[in-house]
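Coordinate inspection notes
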Amino acid sequence: DSIKFIMSGISKLVKLKSLRLNFTDNPKIKNGVFSVFPQTVFKLNNLEILILGFHKTEISDEGLFLLGEALNGLRKLKVLSLNLKENPNISDKGITRIMENVGFLGLITTFSISLGKNKKLTSEVFEELGMGIRNLFVLQELSIDLDEIDNLTKHKFKYLIESIKSLTALTKIDLDLS
């Protein structure tokens, strides 16, 4: 499997500070990609920038649980960008797991998450996003894309807004709720 081979090679680059992986529009990308991800990322102790593109893949909550586990070990991470748009198997549970771990990344200055067009997401995602970012005290740039999610109501939006208001280091906010 080529992805396991790639991840195995990346895991040997222990001085790596920046990693960008883009699997966009690849239906072959399923949860298996994340089965090797935690072991790979745990070895990248110097990683400061992580950009992951999983737009239009077949990952699900199970894969996001593994990704969340991997994020937990990235204590030097400053920039995190996750493109998870148009994945029909992602629900609030997977986003909860990701955000639980993002909340422990105290050095994050830039956080971007794209969740648009994920049909299983509900308004609970507002609360999970808010809980995940509220302890990112050095966060300067925040981007959240929730476009074309049909199940969103304004009722839970207040949780996200309250968390954003507490982030006094923010210099840039980009919210897409179209």
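All values reported here derive from a predicted model rather than from experimental measurement.

Regions of empty space are outlined by a rolling probe, equal in size to a water molecule, passed over the atoms. Within this model, the largest pocket holds a volume of roughly 160 Å³. Taken together, T96, M99, E100, G103, F104, E128, M131, G132, R134 and N135 form the lining of the largest pocket. Of all the secondary structure elements, the ones that give two or more residues to the lining of the largest pocket are α5 (92-102) and α6 (124-133). Taken together, the residues that form the lining of the largest pocket break down as three nonpolar, four polar and three charged.

A few words now on helix α1 (residues 2-10). When α1 is considered as a whole, its buried residues turn out to be I3, M7 and I10. All buried residues of α1 fall inside an arc of 60° around its axis, so they share one side. Opposite the buried face of α1, by more than 90 degrees, sit the exposed residues S2 and F5.

The next thing to look at is the sheet that holds strand β1 (residues 18-22). The parallel open sheet is built from six strands, whose spatial order is β1-β2-β3-β4-β5-β6. Of all strands in the sheet, those with a lone pairing partner are β1 and β6 (172-176), marking the two edges. Going across the sheet, the axis of each strand differs from the next one's by a mean of 5°, ignoring polarity. Bridge analysis of strand β4 (residues 110-114) against strand β5 (residues 141-145) gives five bridges, and the strand direction is parallel. Residue F111 lies in a different strand from β5, and its bridge partner there is L142.

A few words on the pairing of β6. Walk down a regular strand and you will see the side chains alternate between the two sheet faces. Looking at chain direction, β5 and β6 are connected through five bridges and run parallel. Within the sheet, the bridge partner assigned to L142 lies in β6 and is I173. Handedness of the crossover is the feature at issue here: the chain leaves β5, passes through helix α7 (residues 157-165), returns alongside β6, and the resulting connection is right-handed.

Calculation rules
- Residues numbered from 1 in each chain as written.
- Predicted model: local features only at pLDDT ≥ 70, side-chain atom pairs only at ≥ 80, totals over all residues.
- Heavy atoms only, no water.
- 1 Å grid on protein atoms, 1.4 Å probe; cavity = no way out; pocket = protein on both sides within 12 Å on 5 of 7 lines; lining within 4 Å.
- Points joined across faces, edges and corners; volume = space filled by probe spheres on them.
- Helix = DSSP H or I, 4+ residues; strand = E, 2+ residues; numbered from the N terminus.
- Nonpolar A, V, L, I, M, F, W, Y, C, P; charged D, E, K, R; others polar.
- Buried < 20%, exposed > 50% of the residue type's maximum accessible area, 1.4 Å probe, protein only.
- Arc of directions from axis to C-beta.
- Pairing = 2+ DSSP bridges.
- Axes fitted to C-alpha atoms, helices over the stretch in contact; angles between N-to-C directions.
- Right-handed = clockwise from strand over helix to strand, strands pointing away.

Don't take any of this as a statement about function, it's just geometry.
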